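# Breakdown of the fold
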Amino acid sequence: MMVRLQLRYGVVFLMFFLILQACSAKAEVEQNNQPVPIPLPANIGSITVFEQHHNQIVVEHTASDTIEVLIEGLKQAKPSDISDPEYSGTPYRVELTGPKKKLVLELNDLTATASTDVSAKVYLILPGEERTRAWSLPSEWIQSLLRSEAEQAEPVIQLTLDEVNDSVTLAANRAIDKTSLEEALRTFMVIYPSAGDAASVYRLNWTDPRRVVIAFPYLPEGSVAEFKLDGVLTREGQSFQINSPLEGKLITIHQGLAWSGLQWVDPGGKMVREHAFPTAVSIMPASFSAHESEIIIYNHDIPAYRLDLKSGHVEDILSKEQIDVSELAVNDNGIGFTFSYSENKEQLYMVHGWETIYRVETNGGQKKLIYSSDLPIYGIASSPDGKHVAVLTDSSGSLGPYADLRVIDANGKLVSEFKMAAYSGHSDGWYFIYPVRWTDNERIEVPLVGSPSVAFFRGKATFHYKKGLQQKQGSESLSASDMAILKATIDGWDELDLIRALPRSEAAGERYIAVTLAGSGSWLIDREEQHARKLGSGPVIAWTPKGQVVYWHSTEGMSVDYISID
């Protein structure tokens with residue numbers, strides 16, 4: 001809790017040597033009441049920017065027209081206060097060199113921060129003075145200095161989300177038409193739970209024509225703001241491309257302290273349990289069963305946790321099984337291994353470095369290398385009895401969307417192989433994990449997502465490990481009435497947004513169904529009340545035997561993939 005409070009309310013002090021010499025606010029006010037221009041050298045021939053801490057050159061300008069623009073910007077720089085503490089952005093050292101004199105400025109680039117008063121500052125101690133002076137500069141000047149090519153690119157807005165300060169910063173390479181931005185926010189802003197007029201919860205802080213911070217100081221406790229920036233234009237009327245750290249067009253801000261993990265909620269909305277997993281990237285079932293009560297959480301920082309959804313008990317697989325994962329090759333999500341348990345949990349199979357498979361006797365038992373693949377391994381699953389393991393490998397050798405299905409026994413002998421059995425649509429060169437599952441000790445299900453050879457978009461193929469292909473079938477879609485509930489609740493919802501639908505039980509007429517929607521997180525449909533309620537920012541994981549729905553939620557924009565076959 002202390003860490004969260006420090007992150008939310010403490011602003012990192014800018015560790016510039018010059019700023020450390022700044023004294024009281026009163027002295028600074030008196031000083032800045034006497035505007036003084038930056039004393040620029042005559043006939044500047046070069047402007048060089050260095051990284052503050054590593055002394056490496058970031059960019060050097062020697063072209064006279066570029067230098068002229070930058071010098072004119074410095075001449076127009078406005079005197080600024082130095083706060084205590086000073087807001088911290090990206091620090092640089094800027095050297096302006098003339099034939100007889102060199103001037104060194106400290107630069108604080110605040111473009112991608114939540115700073116609501118200025119876009120950048122430069123600092124200098126003037127001759128004969130002891131205290132540091134500061135001047136503010138617009139983001140257009142920063143772009144000319146650091147990213148001069150941005151001016152020639154197509155209009156683009158770069159988004160920075162700050163869940164600590166509940167804000168979204170827009171930094172553009174053109175002047176933003178204010179009216180079009182205000183209209184986009186009025187049109188597309190939604191608050192969950194509803195908080196009346198959405199315009200009452202946010203504030204626009206323009207630091208210059210190219211940069212604005214959308215702050216949410218009045219967002220109700222525990223609520224979420226979602227919006228899109230469709231239709232935002234330049235002053236000349238051109239459309240902006242929006243570069244966001246989030247998937248899709250939807251921009252989400254969660255009120256409250258930074259937190260990421262799993263939450264358990266009953267259908268009435270009561271929070272039953274939560275468990276933080278701040279570095280998680282992927283979640284998978286621990287073993288074959290469609291109703292598996294244990295999952296594995298894979299993380300950026302190596303640990304893999306096995307979690308019992310019924311009890312909430314968590315254990316670190318790597319520590320318990322004493323598995324060495326040093327010098328590990330990782331995939332595009334930063335994961336270098338996956339696990340799959342047999343039904344009795346006494347044995348697990350492990351893919352290590354995406355090329356080799358180990359059989360591990362659990363509880364610290366023997367580990368044996370049983371198989372080395374000539375192609376990258378996309379996914380594995382142990383049969384319920386642990387006697388076989390299903391392996392999906394890249395079909396093309398170029399990390400393409402097709403995957404071959406191989407079945408090997410517990411000693412690593414290849415039992416059967418089916419070419420191009422699975423498909424998950426993506427461009428060559430992307431290393432994703434594919435789900436694979438045994439329905440019993442003979443049949444295996446593999447994904448068919450976006451396959452050009454089938455009529456449905458999401459589905460699966462079933463193989464008998466001896467007899468081959470059994471069937472191909474699409475995933476269950478929502479009923480017309482379920483879709484009507486979502487459309488009535490979520491403005492602009494489209495059927496294609498559906499990733500996963502998970503009823504509370506298989507019983508006909510079940511009241512509740514939890515769904516995962518692309519770019520919108522998880523929702524709970526109440527068929528009796530004819531309403532859908534937002535659950536979390538990420539995917540639905542499972543229903544527990546007690547009727548609680550488990551889902552991923554993050555107040556800091558952290559996303560995870562749930563990799564499974566339903």
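Only a predicted model underlies this, so the values are computations on that prediction, with no experimental measurement involved. (Residues numbered from 1 in each chain as written. Predicted model: local features only at pLDDT ≥ 70, side-chain atom pairs only at ≥ 80, totals over all residues. Heavy atoms only, no water.)

## Observations concerning the sheet that holds strand β36 (residues 521–526)
Hydrogen bonds between backbone atoms are what pair the strands of a sheet, whose relative direction is either parallel or antiparallel. Formally: Paired strands, as defined in this entry, are two strands with at least two bridges between them according to DSSP. Secondary structure elements are taken from DSSP: a helix is a run of H or I of four residues or more, a strand is a run of E of two residues or more, and numbering for both begins at the N terminus. Think of each axis as a best-fit line through the C-alpha atoms, taken over the contacting stretch in the case of a helix, with angles from 0 to 180 degrees between the N-to-C directions.
Overall, antiparallel pairing links the four strands, which are arranged β34-β35-β36-β37 in an open sheet. Edge positions in the open sheet fall to β34 (498–503) and β37 (531–536), since each of these has one partner strand only. Each strand axis lies, on average, 25° off the axis of its neighbour in the sheet, ignoring direction. Where β34 meets strand β35 (residues 512–517), five bridges bridge the pair, whose relative direction is antiparallel. Bridge pairing links R500 to T516 in β35.

## Side note on the sheet that holds strand β21 (residues 314–316)
If you trace the five strands from one edge of the open sheet to the other, you get β21-β20-β19-β18-β40, paired in mixed fashion. Of all strands in the sheet, those with a lone pairing partner are β21 and β40 (561–562), marking the two edges. Pairing of strand β18 (residues 280–285) with strand β19 (residues 294–299), which is carried by five bridges, proceeds in the antiparallel orientation. Bridge pairing in β19 places M284 opposite I296.

## Describing the pairing of strand β29 (residues 414–424)
Note: strand β28 (residues 402–409) against β29, six bridges, orientation antiparallel. What sits directly across from Y402, in β29, is Y423. Hairpin connection from β28 to β29: four residues lie between these consecutive antiparallel strands, with G412 at a positive phi of about 95°. In terms of strand pairing, β29 meets strand β31 (residues 443–449) through two bridges, oriented parallel.

## Quick word on the side chain of D162
Our working definition: The term polar contact refers here to a pair of N or O atoms within 3.5 Å; inside protein, the definition further demands a hydrogen-donor-capable atom paired with an acceptor-capable atom, and it admits residues adjacent in sequence only when both atoms are side-chain atoms. Any pair of residues with heavy atoms lying within 4.5 Å of one another is described as a contacting pair.
When you line up the elements, D162 lands in strand β8 (residues 156–162). Looking at D162, its side chain comes within polar contact range of the side chain of N165, at 2.7 Å. Those residues in contact with D162, other than ones at most four positions away along the chain, are Y87, A114 and S167.

## Concerning the pattern of salt bridges
Spelled out, the test is: What counts as a salt bridge is simple: a side-chain nitrogen of Lys or Arg found within 4 Å of a carboxyl oxygen of Asp or Glu. Here's how the labels work: a residue is buried when its accessible area is under 20% of the maximum for its type, exposed when over 50%, partly exposed in between, all with a 1.4 Å probe on protein chains only.
Inspection of the entire model under this criterion finds 24 salt bridges. Ionic pairing is found between E315 and R306, a salt bridge with its closest N-O pair at 3.3 Å. Using a relative accessible area of 15% as the deciding quantity, one classes E315 as buried. What emerges from the salt-bridge pattern is a single network uniting D374, D404, R406, E417 and K419.

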